[in-house]
Amino acid sequence: MTGRIRQALPVLAVAAVFFGAWKLVVVVGDYPPFILPAPEVVGQRLLRAVVDGTLAPHAAATLSEVILGFVVGATGALLVGYLLARSALAERLLSPYLVAAQATPILALAPLIALWLGTGLLSKVVICALIVFFPVAVATMVGIRSADGRLLELGRSLRASRWQVFRHLELPQALPAILGGMRVGVTLAVIGAIVAEWVGAERGLGHRITLARGSLFDIPLMFATLVTIALIGLALYVTVVLVERRLIGPWR
Amino acid sequence: MSQGFVIDGRHLPVLDSVSFSVPSGEIVSIVGPNGSGKSTLLRVVAGLLRPDSGSVDIDGQLIDEADPRVGLVFQEPRLLPWRRALDNVSFPLELAGVNSRLRRQRGEQLLELVGLGAFGGAYPHQLSGGMRQRVAIARALARDPSVLLLDEPFSALDALTRERFNLELLKLWQQTGTTIVLVTHSIPEAVFLSDRVIVLSPRPARVVAEVPISLPRPRSISALDGATFSRAAAAVRAHLAGSGDDDEIMAAAAADTDMLAQAGAPAWFDPFGRQD
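Remember, predicted model here, so these are calculated numbers, not experimental data.

**Details of the sheet that holds strand S9 (residues 196–200) of chain B**
Residue and element names in this part refer to chain B. Spatially, S6-S7-S8-S3-S9-S10 is the arrangement adopted by the six strands of the open sheet, whose pairing is mixed. Looking at the sheet topology across the chains shown, the edges are occupied by strand S6 (70–73) and strand S10 (207–212). Strand-to-strand twist in this sheet, taken as the mean axis angle between neighbours without regard to direction, amounts to 15 degrees. For strand S7 (residues 147–151) and strand S8 (residues 179–183), the ladder comprises five bridges, and the chain directions are parallel. Counterpart to valine 147 in the pairing with S8 is threonine 179. Contacts from helix H5 (residues 129–140) reach S6 and S7 within the one sheet, and its direction differs from that of S6 by about 165 degrees.

Okay, structure coming up:
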């Protein structure tokens, strides 16, 4: 138990420094709450928003967009990443488009996608999936390519089918790389959902930010929403890390 | 059989009309200089490489692709690091669609056979190098192969461990009755284990000699100190040294055994130990 406390101590110290610096800036600069609210003001606003139920439905909406988009994007990326790793032709033909699509800012694409697919759940999922796709596809490609040729030869000597080679030899070896890509992907998915909601939405945390900054002019609420978004991103990231530990922890 | 590779557009012959046969139940070692194509030869025998000409068969049945009648042990253990020892041993059975109860049973039996009965639950990174290679041997035996091929399986082990592993391999051979073909660059190992030693030339490999080893079985480590052993080892070494002239080989072998003669061995010369 004391070990745990000792481990938690530096974490708490850094958090204290962060919030202390924030408070200091507010006090020294003498900023009014509508420019930069102090941490405790944001905390109180967040608490109130949670208690009176203004945030929960929006957080739920954003979270479901993120999760759906991540699942769709990551699944597609696994398939394409494998194809890129194993077919030189596919890589030559597809990779220019993938890189070009990645280089086009999602901020610029989002209005178009909303125009084509409407402002419902579908356009959010597509935008999230798009932004998740690239890092996971590249990680999958690199991971599959790094598979040890000696183990693949073992598979050949045991007459493993193509599916068995993938399932038992390539995928486990690629898993650390793929999960690394997913760590990046899942945080990007949160950004995707917020951007998608800015472009047009009836609910969601992104929509809430627009509202708080605009017609409500409730800057502490806007900060409280930002904090919620950050917490969602953190929770998703930790989830991937836990999955990673469960899958590849024991044998590493 | 012959086998070559095309490298930079040029055909590089690796095996040149290599031909030999292994009687069922024997242990045969293949020795040759570094880069002589020993491993290539083993891969052809295992069906992983197709020869440019010629063929490999077991009891008249052709091997032209990876074959369950052949168990292969590589230089490194090549275990799957994410599987426990037991699941590594039964991996070939899993690929072959054997149900989990039988897999477990057979896996435990094989681990017992290689002296690792208590380590079925360990991950490879928790095992020593020698233990890992034992798991690899157990895995190669999983499908009950009629031929076990070993590609320098003990080269990563220290000298004493290696001797112990040689003895254990002999014990395993007595228990399973499998035919064993072993590639090695250790002359003592080849002579100690084998019924016959096949000596290859530098690349492109040809069979330079087949040296029969008449050490009585079962063999113990003390055989390493006997005159028969030394004469056979000297003959293998002489062939390996690349002299094509039989007289020179005899002379070289004789020179080696002279040292033994001083220790009281009879003065007659019998490089293949046929009269022992």
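**A short note on helix H10 (residues 219–248) of chain A**
Spanning 30 residues, H10(A) covers 43 Å between terminal C-alpha atoms, matching the ideal 44 Å at 1.5 Å per step. Where the residues of H10(A) are buried, they touch helix H2 (39–51), helix H3 (56–86), helix H8 (162–199) and helix H9 (205–213) of chain A.

**A word on the pairing of S8(B)**
Residue and element names in this part refer to chain B. In terms of burial, S8 is largely enclosed, as five of its five residues are buried. Where burial is concerned, the two faces of S8 agree: the one with Thr179, Val181 and Val183 and the one with Ile180 and Leu182 are both buried. Relative to S8, strand S3 (residues 27–31) runs parallel, the two being bridged by four bridges. The partner of isoleucine 30 across the bridge, within S8, is valine 183. In the classification by handedness, the crossover that spans S7, the intervening helix H6 (residues 159–176) and the parallel S8 is right-handed.

**Side note on helix H4 (residues 88–103) of chain A**
Residues and elements named next belong to chain A. In this model, H4 (16 residues) spans 22 Å end to end at C-alpha, consistent with the 22 Å of a helix rising 1.5 Å per residue. A bend of about 40 degrees at leucine 94 is the largest found in H4, and the proline proline 96 appears one to four places after it. Little of H4 sits inside the fold, with zero of its 16 residues counted as buried.

**Digging into the domain arrangement of chain B**
Residue and element names in this part refer to chain B. Domain assignment breaks chain B into domain 1 (1–69 + 149–276) and domain 2 (78–144). Contacts between the two partners involve nine residues from domain 1, matched on the other side by six residues from domain 2. Taken together, the residues that form the side of domain 1 that touches domain 2 break down as six nonpolar, three polar and no charged.

**Observations concerning the nonpolar core**
Core analysis: the largest hydrophobic core is formed by 63 residues, its most contacted members being B:Leu149, B:Val191, B:Val197, B:Val199 and B:Val236. Considering every element that reaches this core, the biggest residue donor is helix H8 (residues 227–240) of chain B, with eight residues. For this core, the two domains that each supply at least three residues are domain 1 (1–69 + 149–276) and domain 2 (78–144) of chain B. Once residues lying within four places of it in the same chain are set aside, the contact partners of B:Val197 are B:Ser29, B:Val31, B:Ala190, B:Val191, B:Val211, B:Ile213 and B:Val236. One finds A:Val42, A:Val126, A:Leu130 and A:Ala193 within the second-largest nonpolar core, a separate group that totals 55 residues.

**Some details on the packing of H8(A) against H10(A)**
Residue and element names in this part refer to chain A. At a minimum axis distance of 10 Å, the contact between H8 and H10 shows a crossing angle of 165 degrees. It follows that H8 is roughly antiparallel to H10 by the angle criterion. In the packing of H8 onto H10, the handedness of the crossing is right-handed. Residues Leu175, Pro176, Leu179, Met182, Arg183, Val186, Thr187, Val190 and Ile194 of H8 pack against Ile229, Ile232, Gly233, Leu236, Tyr237, Val240, Val241, Glu244, Leu247 and Ile248 of H10. Among the residues making up the contact of H8 with H10, the classes are represented as 15 nonpolar, two polar and two charged.

Cut-offs applied
Residues numbered from 1 in each chain as written. Chains lettered and ligands numbered in written order. Predicted model: local features only at pLDDT ≥ 70, side-chain atom pairs only at ≥ 80, totals over all residues. Pairing = 2+ DSSP bridges. Helix = DSSP H or I, 4+ residues; strand = E, 2+ residues; numbered from the N terminus. Axes fitted to C-alpha atoms, helices over the stretch in contact; angles between N-to-C directions. Contact = placed C-beta atoms within 7 Å. Expected span 1.5 Å × (residues − 1). Buried ≥ 20, exposed ≤ 12 C-beta atoms within 10 Å, placed from the backbone. Right-handed = clockwise from strand over helix to strand, strands pointing away. Bend = angle between axes of the 7 residues up to and from the residue. Domains from an automatic or database assignment. Nonpolar A, V, L, I, M, F, W, Y, C, P; charged D, E, K, R; others polar. Core = buried A, V, L, I, M, F, W, Y, C linked by C-beta atoms within 7 Å. Parallel < 35°, antiparallel > 145°, perpendicular 65-115°, else oblique. Left-handed = near helix turned anticlockwise from the far one by under 90°.

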